[in-house]
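Single-letter residue listing:
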Amino acid sequence: MAAMPRTPGFRDRYDVLADMSRQLRECRARGETCRILLHGVAGVGTSSVAREFAELEKGSFERALIWVQAQRPDGSAAPFEEMLGTALTGLGVPDGELPGSAAARLDAYHRRSRDEEFLLVVDGFVNADQVGALVPADAPRAAVVVTGRALDRELLVRGFRDHAVEQLPHAEARELFLHDLAGTEIDGDAVDELVRLCGGFPHLVRTLAALLVGRPQDVDWLLDELRESVATLLELDFGGKMRGFVQLAYERSMSPEERIAYRRLALLPGDDFGIEYAAFALERDAKSTRRLLRTLTDLHLLVESGGRYRYYDIVRAEARERARQEDGAELCDKLVVRVCEKYLEEAALHDRALADRWRVGPLFERLRTHTGPAKTREQALAWFKAELANAVACVSAAKDRGALQVATQLPVALFKYLHYHGHHAWWLSTHEIALEAAEGDDAAVMQLCSQRGSAHLAMGNVAWAKRDFELSLEKALAIDHPLGTQSAYEWCGKAEARAGRTESAREWYRRSWEVLERASEDEIPPEQRERA
């Protein structure tokens, strides 16, 4: 296996890669989809092995690698319809043509994948159900590689073969450490001790090497610190904090401005962020913000990909705790709320480009007289695609900090995009959080129930949908809101029609038209009448 190509810095694992390649050949000889489970403790490099396998076997697949993220940073499962959307995109389906429901996406996936030759990596699976449905029904030259932190025997029952990824042996870990030192000379005994302290985990090896690149004079104090805290460092690396490394980088390698950026950017809701929102949070211009992010990235506290930045989960947890300690809870909460308010405003502006439908809430009232340049549909789709996950995270972040108006309005602004793309899990979860925040606000409850009901209807939960539409109607009548009343009647009719109760549906539609006929143009504007 010495002749096999390797990615820069990749060490060992050739026995695992050889076994994976052998399994691929055996499966193709039998005419069946290859199913591989890569498992190992967090930080050991299962994802790196999957990437290396894709590189080594790229000539074996007609299509490019399809990479599906199965896990959120908090460890929860990614929405299945989102995973299917990623897989379909990888198979050549444009974003705008993705089916709406999970069931339709699953059907399209199996039709599209038939007889295709592709490698699908499901990274960080949470449960076997996430994986089983993604095995193509009729693609004998395809391969599915699943990475995770545990050996899930249910996957073995489903035909997967497991490949354990172990810690690096000392010699390979040492080689990796010297590679990442990039020529920086350090005493051999010190190298050996540092490598042993890392316990064979590639992430820790590379982290410590990065701290010493160009700074060999720091090795003695680094060893002193790690000798005192190495057990805690290893434990925290798996548990989410990794205080030992961060403490060293924070105190020795950062300017005051970089420390502020490190603490406060970790407060941003969501998984990753771009320059724009980082600059907004730090109240700096884009140029200086980019410099700060470059430093944090060089210190291995951030990872940059495609112009967006994310923390390691373990580092983010430490940074947030440090922010609370050094900046105070009040400042932290104000920053988060300010960012959530920006997401609300941006979401509302982009929502108007997708569907200028009626919305209730103080921000939407202000936007009726908005005189700035309107967003294009292309701009709106691009913004939602990049920022949707963060905007969703802002809903709970705002509610938790008492910013109830933000928490109730943001799901309203997200509704149309969630609807278009079938993000039912986010659709329901955001509206449920918002309804808790909207208690006592009849107008907000009216619209949120209407939108949540439409999610239930899209998923085939007609009874739940009908209950939501009836509650929306109740609130609309209570506040004498003709547009809300007309809409609720119409949605009740749609629910009845979906249930096959035609006569009842007609009655609901009749009531909807009666409201339209009675209402003035101020109560129901012409552009909204046309959509009724």
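To start, this report covers the structure provided alongside it.

Cut-offs used in this document
- Residues numbered from 1 in each chain as written.
- Predicted model: local features only at pLDDT ≥ 70, side-chain atom pairs only at ≥ 80, totals over all residues.
- Heavy atoms only, no water.
- Helix = DSSP H or I, 4+ residues; strand = E, 2+ residues; numbered from the N terminus.
- Rg over C-alpha atoms; globule rule 2.2 N^0.38 Å.
- Buried < 20%, exposed > 50% of the residue type's maximum accessible area, 1.4 Å probe, protein only.
- Contact = heavy atoms within 4.5 Å.
- Areas by Shrake-Rupley, 256 points an atom, 1.4 Å probe, with all protein chains shown as cover.
- Phe/Tyr/Trp six-rings, centres within 6.5 Å; stacked < 30°, edge-to-face > 60°.
- Lys NZ or Arg CZ within 6 Å of the ring centre and 35° of its normal.
- Pairing = 2+ DSSP bridges.
- Axes fitted to C-alpha atoms, helices over the stretch in contact; angles between N-to-C directions.
- Core = buried A, V, L, I, M, F, W, Y, C linked by side-chain atoms within 4.5 Å.
- Expected span 1.5 Å × (residues − 1).
- Arc of directions from axis to C-beta.
- Parallel < 35°, antiparallel > 145°, perpendicular 65-115°, else oblique.
- Patch = residues over 30% accessible without salt bridge, like charges linked within 9 Å, V, L, I, M, F, W, Y side chains within 5 Å.
- Salt bridge = Lys/Arg side-chain N within 4 Å of Asp/Glu carboxyl O.
- Lys, Arg positive; Asp, Glu negative; His and termini not counted.
- Charge placed at Lys NZ, Arg CZ, Asp CG, Glu CD.

**Focus on the overall build of the protein chain**
Then, number 1: Counting its regular elements, the protein chain contains 25 helices and eight strands.
Then, number 2: Against the 2.2 N^0.38 benchmark of 24 Å for 532 residues, the protein chain shows a C-alpha radius of gyration of 27 Å, consistent with a compact globule.
Then, number 3: Projecting the C-alpha coordinates of the protein chain onto the three principal axes gives extents of approximately 85 × 60 × 35 Å.
Then, number 4: Relative to its full complement of 532 residues, the protein chain shows a buried share of 52%.
Then, number 5: Within the protein chain, residue pairs in contact and separated by at least 24 positions form 69% of the contacts whose partners lie at least 6 positions apart.
Then, number 6: Accessible area of the protein chain: about 23800 Å², with a carbon and sulfur share of 48%.

**Here we look at the packing of aromatic side chains**
We describe a pair of aromatic rings using the distance from one ring centre to the other and the angle between the two ring planes.
Then, number 1: Counting across every chain of the model gives eleven aromatic pairs.
Then, number 2: For the ring pair Trp383 and Phe384, a centre distance of 5.0 Å and an interplane angle of 85 degrees mean the geometry is edge-to-face. Like Trp383, the residue Phe384 is buried in the burial classification.
Then, number 3: Taking 5.9 Å as the distance between ring centres and 40 degrees as the angle between the ring planes, the aromatic pair formed by Tyr489 and Trp508 counts as tilted. Note that Tyr489 is positioned in helix α23 (residues 482-498) and Trp508 in helix α24 (residues 502-518), a separation of 19 residues in sequence. Both residues of the pair, Tyr489 and Trp508, belong to the buried class.
Then, number 4: Joined through ring pairs, the aromatic side chains of Tyr250, Tyr262, Phe273, Tyr309 and Tyr311 make up one cluster.
Then, number 5: Over the face of the ring belonging to Phe280 we find Arg338, whose NZ or CZ atom lies 4.7 Å from the ring centre.

**Brief notes about the environment of Phe80**
Then, number 1: Note on placement: Phe80 falls in helix α3 (residues 80-90).
Then, number 2: Setting aside chain neighbours within four positions, we find Phe80 in contact with Leu106, Gln130, Ala133 and Leu134.

**Brief notes about the sheet that holds strand β7 (residues 302-305)**
Then, number 1: Pairing within the open sheet is antiparallel, and its three strands lie in the order β6-β8-β7. Across the chains shown, the open sheet's two edge strands, defined by having one partner strand only, are β6 (273-274) and β7.
Then, number 2: Pairing of β6 with strand β8 (residues 308-311), which is carried by two bridges, proceeds in the antiparallel orientation. Looking at β8, one finds that Phe273 is bridged to Tyr309.
Then, number 3: Its contacts with the sheet place helix α14 (residues 286-298) against β6, β7 and β8, and it is angled at close to 115 degrees to β7.

**As for the nonpolar core**
One recurring pattern in soluble globular proteins: nonpolar side chains tend to sit buried together.
Then, number 1: Of all hydrophobic cores here, the largest spans 96 residues; its most connected members are Phe177, Leu194, Tyr262, Leu265, Phe273, Tyr311 and Leu414.
Then, number 2: Discounting residues that sit within four places of it in the chain, Tyr262 has contacts with Val246, Tyr250, Met254, Leu296, Leu301, Tyr311, Val315, Glu318, Ala319 and Arg322.
Then, number 3: Among the nonpolar cores identified, the runner-up in size contains 28 residues, and Ala108, Val122, Phe125 and Ala128 belong to it.

**Thoughts on unusual backbone geometry**
For residues other than glycine, phi is negative in most cases, and the peptide bonds are mostly trans.
Then, number 1: In this model, Glu283 sits at a positive phi of 55 degrees, which is unusual for a non-glycine residue.
Then, number 2: Relative to the elements of secondary structure, Glu283 occurs in the loop between α13 (275-282) and α14.
Then, number 3: The class of Glu283 is exposed, set by a relative accessible area of 66%.
Then, number 4: Although it is not a glycine, Asp480 adopts a positive phi angle of roughly 55 degrees.
Then, number 5: Along the chain, Asp480 turns up in the loop between α22 (462-478) and α23.

**Side note on the sheet that holds strand β2 (residues 66-69)**
Then, number 1: What the five strands build is an open sheet, ordered β2-β3-β4-β1-β5; its pairing is parallel. Looking at which strands have only one partner, the edges of the open sheet turn out to be β2 and β5 (161-164). Along the sheet, successive strands turn relative to each other by an average axial angle of 20 degrees, direction set aside.
Then, number 2: In this sheet, strand β4 (residues 143-148) lies alongside strand β1 (residues 34-39) in parallel orientation, the contact comprising six bridges. If you follow Ile36 over to β4, its bridge partner there is Val145.

**Things to note about the environment of Leu344**
Then, number 1: Here Leu344 lies in helix α16 (residues 329-354).
Then, number 2: Residue Leu344 is classed as buried on the basis of its relative accessible area of 5%.
Then, number 3: Separated by 143 residues in sequence, Leu344 and Phe201 place their C-alpha atoms 41 Å apart.
Then, number 4: Sequence-distant contacts of Leu344, defined by excluding residues within four places in its chain, comprise Leu363, Val406, Gln409 and Leu410.

**Concerning α24**
Then, number 1: Here α24 contains 17 residues, and its C-alpha end-to-end distance of 25 Å stays within 8% of the 24 Å for a straight helix at 1.5 Å per residue.
Then, number 2: Looking at α24, one finds that the buried residues are Ala505, Trp508, Ser512, Val515 and Leu516. The arc that holds the buried residues of α24, viewed along the axis, is 105 degrees, so those residues lie on one side. Away from its buried face, by an angle of more than 90 degrees, α24 presents the exposed residues Glu503, Arg506, Glu517 and Arg518.

**A few points about the pairing of β8**
Then, number 1: Judged from the four bridges that link them, β7 and β8 form a sheet pairing that is antiparallel. Following the sheet pairing, Glu304 is matched in β8 by Tyr309.
Then, number 2: Hairpin connection of β7 to β8: two residues between the antiparallel strands, including Gly306 at a positive phi of 60 degrees.

**A few points about the environment of Leu471**
Then, number 1: Residue placement: Leu471 occurs in helix α22.
Then, number 2: Spatially, the C-alpha atoms of Leu471 and Val445 are 8.3 Å apart, while their sequence positions differ by 26 residues.
Then, number 3: What Leu471 contacts, discounting residues up to four positions off in sequence, is Val445 and Cys449.

**A closer look at the pairing of β2**
Then, number 1: Side chains Ile66 and Val68 of β2 all project onto a buried face; the interleaved residues Trp67 and Gln69 project onto a face where none is buried.
Then, number 2: Strand direction decides the pairing type here: β2 and strand β3 (residues 119-123), joined by four bridges, are parallel. Directly across from Gln69, in β3, lies its bridge partner Asp123.

**Regarding the packing of helix α12 (residues 256-265) against α13**
Geometrically, a packed helix pair is captured by the angle between its two axes and the distance between the axes.
Then, number 1: At a minimum axis separation of 10 Å, α12 and α13 run at an interaxial angle of 110 degrees. Accordingly, the angle class assigned to the pair α12 and α13 is roughly perpendicular. Contact with α12, carried on its side by Ile260, Ala261, Arg264 and Leu265, involves Ala278, Ala281 and Leu282 of α13 and no other residues of that element.

**Structural notes on a positive patch on the surface**
Then, number 1: Taken together, Arg284, Lys287, Arg290, Arg291 and Arg294 make up a surface patch of like positive charges.
Then, number 2: Here Arg294 is to be found in helix α14.
Then, number 3: For Arg294, a relative accessible area of 45% puts it in the partly exposed group.

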